[in-house]
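Chain and residue survey
Chain residues, written in single-letter form:
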Amino acid sequence: MSSKPSIPKGTRDFSTKEMLKREYIFENIKQVFRLFGYQPIETPAMENITTLLGKYGDEGDKLLFRILNSGDFLSSLNYDDMTTLEYSKLSSKICEKGLRYDLTVPFARYVVQHREEIVFPFKRYQIQPVWRADRPQKGRYREFFQCDVDVIGSDSILNEYELIRIIDDIFKILRISTVIKINNRKVLAGIAAYIGESDRIIDITVAIDKLDKIGIENVNSELSTKGLSEKAISNLQPFLQLNGNTSDKLGTLNRLLSESEVGKKGITELQTLFTYIGNRSLSCDIELDLTLARGLNYYTGAIIEVKSKDVNIGSICGGGRYDNLTGVFGMEGVSGVGISFGADRIYDVMNQLNLFDDLKGSSTDVLIVNFGEDETKYSLKILDKLHEMGVKTELFPDPAKLKKQLSYADSKKIPFILMAGENEINNNCIKVKNMSSGEQKEISMKVLKKFVENEIRQTKGIDSLPPNLKIL
RNA sequence: GUGGAUGUAGUUCAGUCGGUUAGAACGUCGGAUUGUGGUUCCGAAAGUCGUGGGUUCGAGCCCCAUCUUCCACCCCA
């Protein structure tokens, strides 16, 4: 039984080089989240399946990973169940748990469960993997990390504005040029009402979401296939053809939707948001995009999606406002808004654009050569000192040939070697080798600290770190 | 879930019409150099040709199934 080991479809191992890059992304995102006063939480990888079902639409239910009950999972079934139940009903009988599909629904569940201990508005961030049983392809994985920020318990559009700022800050730091697309579900609901097809809002939004992909004719024919009347479709056209700048668009919408209460509410929300954004300078492009629909069922207000301008990989960040997500868990009238950064896609974008150049260096600054048992005591003393000074240092674990130890340092791009063999120990000094110049010299133990400050810090020190990591 | 492509040392890829023992580069390891890396030179290890069946005297190559990865759709981060 020694077949080659493998990992499940759509999952990946991350090797050291990849992890350094990934952590760079996580660190930066986390710092911006903290800057705006968000605090971390984590929730379990698995949730009760009933928590997850029905929150993401039919498509979402299909993509949930279900966890087979432990033990005799068939004991809850009788013969009739097995032969007559359709598979989805059957699976919810034998699978009581599932892997989380996103971080928003578990968060809503968390808020309801911990309502007594939470002070509202509650601003939290959460960086964890999620799982979807999707068919994998480029930019689409079955296990991937989401970085969520949400504020729950506040209706203010200031929260939407804050999220836009966060998006802008993060992508500015990561040097990804992006366009932020904004829309509002209430406006979409208003449009559906205006054309007399209120109950078809999902079909309508899904179809117009494809506008820039398949063109206006195909959208119209798709709507017609879905059973929308000719009249409704022709009434929809002015919305599909909306153009001009943001205030033009909002003006037109205002006229067209003057009869619709929800529609007008949505327009006001958009207006408020765009006023906040106003003339503040953002590095991202911002665009009011009526064709932005987003599939997740629970959005009720603003919807936000971010795309890279240089790499075509779908959205790298998305989110919106949900007015009653906690309602399904028994806590009514609490509105929240949040966004989710797709770390894996951000990684793909940055990799493709070679934006990780700054990270080429090693994580270790100094390697202490291992000369053997007798010298190790002396080396460990040096190691401790350097660690106390905050210098990233490692001692080679085996007394391997010097050649081996040096080429290890070389492959890890460690810039400094410290050698303390018999001669050095007798003279109470250390030999230092600079790997890039090849130059080496002996220094006494006393000036070790000075040496660190003058040379290591300058070669590998804080100045070489990306500016945003300097605080660390 | 639907349709299409793909798979050969650790990695990137050759491999002719189906014909003897499947090759290269890079990487790894060893040596030239027992206390000095990168460059150079020499050498070695490394493969059940994704997996399982089938056709054939003979299969990396042809056929079937299956898995992986990739692409389009659906949907999404």
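Up top is the structure.
The structure contained in this document is the topic of the report that follows. Computed from a predicted structure; not experimentally measured. (Residues numbered from 1 in each chain as written. Chains lettered and ligands numbered in written order. Predicted model: local features only at pLDDT ≥ 70, side-chain atom pairs only at ≥ 80, totals over all residues. Heavy atoms only, no water.)

**Considering the pattern of salt bridges**
Counting across every chain of the model gives 16 salt bridges. The partner of R124 in a salt bridge is D148, with the nearest N and O atoms 3.7 Å apart. Residue R124 is located in strand β5 (residues 122–131), and its partner D148 is located in strand β6 (residues 143–152); the two are separated by 24 residues in the primary sequence. Residue R124 is classed as buried on the basis of its relative accessible area, which comes to 0%. For the salt bridge of K186 with E269, the shortest nitrogen-to-oxygen distance reads 2.8 Å. Linking K186 in helix α8 (residues 185–194) with E269 in helix α13 (residues 261–277), this pair joins segments that are 83 residues apart in sequence. Assessed through its relative accessible area of 11%, E269 is described here as buried. Through salt bridges that share partners, K186, K265, E269 and D323 make up one connected network. (Salt bridge = Lys/Arg side-chain N within 4 Å of Asp/Glu carboxyl O. Helix = DSSP H or I, 4+ residues; strand = E, 2+ residues; numbered from the N terminus. Buried < 20%, exposed > 50% of the residue type's maximum accessible area, 1.4 Å probe, protein only.)

**A short note on the environment of Y24**
Position of Y24 among the secondary structure elements: in helix α1 (residues 16–35). For Y24, a relative accessible area of 7% translates into the label buried. Once the C-alpha coordinates of Y24 and V337 are considered, the two residues, 313 residues apart in sequence, prove to be 26 Å apart.

**Description of the packing of aromatic side chains**
According to the stated counting rule, one finds 16 aromatic pairs in the structure shown. On the numbers, 5.6 Å between centres and 40 degrees between planes, the contact of Y347 with F356 is tilted. Residue Y347 shares its accessibility class with F356, and that shared class is buried. Feature note: the residues Y56, Y101, Y298, Y299 and Y322 constitute an aromatic cluster, connected by ring pairs. Lying over the aromatic face of F14, R22 brings its terminal NZ or CZ to 3.6 Å of the ring centre. Across the ring face of Y101, the terminal group of R132 is positioned such that the distance to the ring centre comes to 4.1 Å. (Phe/Tyr/Trp six-rings, centres within 6.5 Å; stacked < 30°, edge-to-face > 60°. Lys NZ or Arg CZ within 6 Å of the ring centre and 35° of its normal.)

**Regarding the nonpolar core**
F33, F341 and I346 are the most contacted members of the largest nonpolar core, which totals 96 residues. The biggest single contributor to this core is helix α7 (residues 157–173), with 8 residues. The next biggest cluster of nonpolar side chains, apart from the first, holds 19 residues, and it includes L383, L418, A420 and F451. (Core = buried A, V, L, I, M, F, W, Y, C linked by side-chain atoms within 4.5 Å.)

**Observations concerning the pairing of strand β11 (residues 336–342)**
A regular strand places its side chains so that they alternate between the two faces of the sheet. Taken across its 7 residues, β11 has 7 buried, putting it largely inside the fold. Where burial is concerned, the two faces of β11 agree: the one with G336, G338, S340 and G342 and the one with V337, I339 and F341 are both buried. Note: β6 against β11, 7 bridges, orientation antiparallel. Counterpart to V151 in the pairing with β11 is V337. (Pairing = 2+ DSSP bridges.)

Honestly, that's just the spatial picture; any functional story needs more than this.
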